[in-house]
Amino acid sequence: MCGYGYPFYVSSTFLSAQEFISKRIHKIAEAQMKIAGDEERQLAIEAGEIDSDGTPMCTVVDNGPSAVIRPNMMHYLEW
């Protein structure tokens, strides 16, 4: 037994659980992105934001770069 009342996991058990959880998270995230995309598409159609090819488009407003590269090569988000 491992400390704190958690059972000891062998490497293969851990990797199996990690793969299962990873695939589940990916599946859920993909489904949520599809739902969000469908909602944005519907909002664009309702707003009449359709290009010459018939593709619904969402207008994005940006007041500058969303990420700035600092001299130390770290990326920081600008809010």
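## Let's talk about the overall build of the protein chain
Secondary structure assignment for the protein chain yields one helix and two strands. Secondary structure of the protein chain in N-to-C order comes out as α-β-β. Counting only residues that meet the buried cut, the protein chain has 3% of its 79 residues in that class. Working note: accessible area of the protein chain is about 7600 Å², and carbon and sulfur atoms make up 61% of it.

## Brief notes about the confidence of the model for the protein chain
If pLDDT is low for a region, its predicted coordinates should not be looked at in detail. Here the protein chain shows a mean pLDDT of 79. Residues at 70 or above account for 66%. Per-element confidence in the protein chain is highest for helix α1 (residues 11-47), whose mean pLDDT is 92, and lowest for strand β2 (residues 75-77), whose mean pLDDT is 50.

## Examining a nonpolar patch on the surface
A contiguous nonpolar surface patch, about 340 Å² in accessible area, is contributed by F20, I21 and I25. Mapped onto the elements of the fold, I25 is located in helix α1.

## Things to note about the pattern of salt bridges
Summed over the entire model, instances satisfying the criterion amount to two salt bridges. For the salt bridge of K23 with E19, the shortest nitrogen-to-oxygen distance reads 3.0 Å. Remark: E19 and K23 occur in helix α1; sequence separation between them is four residues, near one turn of the helix. Its salt-bridge partner being K34, residue D38 comes within 3.1 Å of it at the nearest N-O pair. You can see D38 and its partner K34 sitting in helix α1, four residues apart, about one turn around the helix. Residue classification places D38 among the partly exposed positions, given a relative accessible area of 40%. Given the relative accessible area of 52%, K34 is considered exposed.

## Regarding α1
Across its 37 residues, α1 extends 53 Å between first and last C-alpha, which sits within 8% of the 54 Å expected from 1.5 Å per residue. Remark: G48 follows α1 within two positions and exhibits a positive phi of approximately 75°.

About the criteria used
- Residues numbered from 1 in each chain as written.
- Predicted model: local features only at pLDDT ≥ 70, side-chain atom pairs only at ≥ 80, totals over all residues.
- Heavy atoms only, no water.
- Helix = DSSP H or I, 4+ residues; strand = E, 2+ residues; numbered from the N terminus.
- Buried < 20%, exposed > 50% of the residue type's maximum accessible area, 1.4 Å probe, protein only.
- Areas by Shrake-Rupley, 256 points an atom, 1.4 Å probe, with all protein chains shown as cover.
- pLDDT = per-residue confidence, 0-100.
- Patch = residues over 30% accessible without salt bridge, like charges linked within 9 Å, V, L, I, M, F, W, Y side chains within 5 Å.
- Salt bridge = Lys/Arg side-chain N within 4 Å of Asp/Glu carboxyl O.
- Expected span 1.5 Å × (residues − 1).

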